[in-house]
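Reading the structure
One-letter residues, chain by chain:
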Amino acid sequence: MKCAPFDYVRASSVEETVKVLGEADGEGKILAGGQSLVPVLALRMARPAVLVDVNRVPGLSSIHRIDDDTVEVGATVRHSRLVEQTRHPLLAEAARWIGHTAIRSRGTTGGSIAHADPSAELPVVAVATGASVTVAGPHGSRDVDAEELFVSALMTSLDEDEMITAVRFPQPARWGFAEFARRHGDFALVTAIVTEVRGRPRITFGGVASVPQRATTAEQALSDGQPATEIARIVAEEIEPTADLHGSVEFRRAIAAEMTRRALAQFESEQEQSR
Ligand SMILES: Cc1cc2nc3c(=O)[nH]c(=O)nc-3n(C[C@H](O)[C@H](O)[C@H](O)COP(=O)(O)OP(=O)(O)OC[C@H]3O[C@@H](n4cnc5c(N)ncnc54)[C@H](O)[C@@H]3O)c2cc1C
């Protein structure tokens, strides 16, 4: 199937992008890496009137440390660059699990966060680290906590004329990452990330709900010094996955418990590894 016809604008600035989106009045879409949008267009699941290509907008493709604890990633930074960088090891590890080489060399950080796929890796890292998303709109720029950005599967709190320009990922003092997918390169069935951010533990999952989900009872158990087997048991009770083509509710609970054990083992073994 071919895409429905659309106008194409190659934006030269964030301001121009926001202006074109505003003028499109809900009929505009940003084109970044195109790895999620183009299949959607080809299947005619979306028919935007205008595509605004942000790939040549200057100032969106860098990764830099903004202080001792936080790394800022520009919206058009490709997944492959996240794999290669050494400033934020958890981001590098998570990005390695995204699709295949071709997808990682085109897909972008802003696109993955905006697309809000419940099984995607970067949204889980964003919630697991307490990231903040910088959003440009007609009235200037604002910062949104990642936990407030993700509303539902493939849905964020962004307005139609807003654009993600960067994501600030705090550096966890410790972390552990574990993922289960049927085949290498597939979207995750379950991703588990255990982090210590600003002195507090977080246990965050992808693939078990419509948005990245924290297991707060399990986090408390970790704070209380409970053993990994007990924390994994609490996780299996606490999360509320739904059954789908890939497995039953019980299957996903079991996988989440096992991924928790693995992520906790890494978390416990590598003190202050990210510094
Ligand atoms: C075969 C295949 C396998 C994949 N496997 C994985 C996987 O295992 N894990 C994973 O995480 N992802 C996977 N992906 C998706 C991939 O990571 C995409 O790159 C990513 O989801 C979207 O990034 P993009 O830059 O390609 O965005 P695009 O496809 O260009 O855009 C996606 C959506 O985000 C919007 N958007 C893009 N940039 C911005 C911005 N800066 N501000 C606001 N809105 C914006 C677009 O308008 C569109 O609605 C896979 C894709 C394919 C085709």
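Residues numbered from 1 in each chain as written. Predicted model: local features only at pLDDT ≥ 70, side-chain atom pairs only at ≥ 80, totals over all residues.

A short note on the nonpolar core
Ranked by size, the top nonpolar core spans 75 residues in total, and within it Val125, Val235 and Ala256 carry the most contacts. When near neighbours in sequence (up to four residues on either side) are disregarded, Ala256 contacts Val190, Ala192, Phe205, Val208, Val235, Ala236 and Ile239. (Core = buried A, V, L, I, M, F, W, Y, C linked by C-beta atoms within 7 Å. Buried ≥ 20, exposed ≤ 12 C-beta atoms within 10 Å, placed from the backbone. Contact = placed C-beta atoms within 7 Å.)

Quick notes on helix 1 (residues 14–24)
Of all the residues in helix 1, the buried ones are Thr17, Val18 and Leu21. Down the axis of helix 1, the buried side of the element spans an arc of 95 degrees, and every buried residue falls inside it. Buried residues along helix 1 sit against strand 2 (28–31), strand 3 (50–53), strand 6 (132–137) and strand 10 (163–170). Positive phi shows up at Asp25, right after helix 1, with a value of about 55 degrees. (Helix = DSSP H or I, 4+ residues; strand = E, 2+ residues; numbered from the N terminus. Arc of directions from axis to C-beta.)

What about the environment of Thr101?
With respect to the element layout, Thr101 can be found in helix 5 (residues 101–106). The class for Thr101 is exposed, based on 11 C-beta atoms found within 10 Å. Taking the C-alpha atoms as reference points, Thr101 and Val40, 61 residues apart in sequence, are found 20 Å from one another.

Section: the pairing of strand 11 (residues 174–180)
Within strand 11, six of the seven residues are buried, which leaves the element mostly enclosed by the surrounding structure. One ladder, built from seven bridges, connects strand 11 with strand 12 (residues 190–197); its direction is antiparallel. Bridge pairing links Trp175 to Thr195 in strand 12. (Pairing = 2+ DSSP bridges.)

Quick word on the domain arrangement of the chain
Put simply, an interface is often sized by how much accessible area is lost when its parts join up. When cut into domains, the chain gives domain 1 (7–53), domain 2 (63–170) and domain 3 (174–269). Its C-alpha centre places domain 2 at a distance of 20 Å from the equivalent point of domain 3. Taken residue by residue, the interface counts 21 residues in domain 2 and 19 residues in domain 3. Broken down by secondary-structure element, the contributors of at least two residues to the side of domain 2 that touches domain 3 are helix 4 (89–96), helix 7 (121–128) and strand 8 (150–152). Sort the elements by how many residues they give to the side of domain 2 that touches domain 3 and helix 7 lands first, with six residues. For the side of domain 2 that touches domain 3, the class distribution of residues is 13 nonpolar, six polar and two charged. (Domains from an automatic or database assignment. Nonpolar A, V, L, I, M, F, W, Y, C, P; charged D, E, K, R; others polar.)

What to know about the site of the ligand
Not every one of the 31 residues close to the ligand is listed here, only the nearest: Gly33, Gly107, Gly110, Gly111 and Ala120. For the shell around the ligand, the elements supplying multiple residues, two or more each, are strand 2, helix 2 (37–42), helix 5, helix 6 (109–115), helix 7 and strand 10. Ranked by residues supplied to the shell around the ligand, first place goes to helix 6 with five residues. In the shell around the ligand, the residues fall into 16 nonpolar, 11 polar and four charged. The residue makeup of the shell around the ligand includes at least three contributed by each of domain 1 (7–53) and domain 2 (63–170). (Near = placed C-beta within 6 Å.)

Structural notes on the sheet that holds strand 6
Ordered in space as 4-5-10-6-7, the five strands form an open sheet in which the pairing is antiparallel. Among the strands making up the open sheet, the edge pair consists of strand 4 (63–67) and strand 7 (140–145). Averaged over all adjacent pairs, the angle separating strand axes in this sheet is 25 degrees, with direction ignored. Here five bridges tie strand 6 to strand 10, and the two strands are oriented antiparallel to one another. Within the sheet, the bridge partner assigned to Val133 lies in strand 10 and is Val167. Those strands touched by helix 1 are strand 6 and strand 10, and its axis lies near 125 degrees from that of strand 10. (Axes fitted to C-alpha atoms, helices over the stretch in contact; angles between N-to-C directions.)

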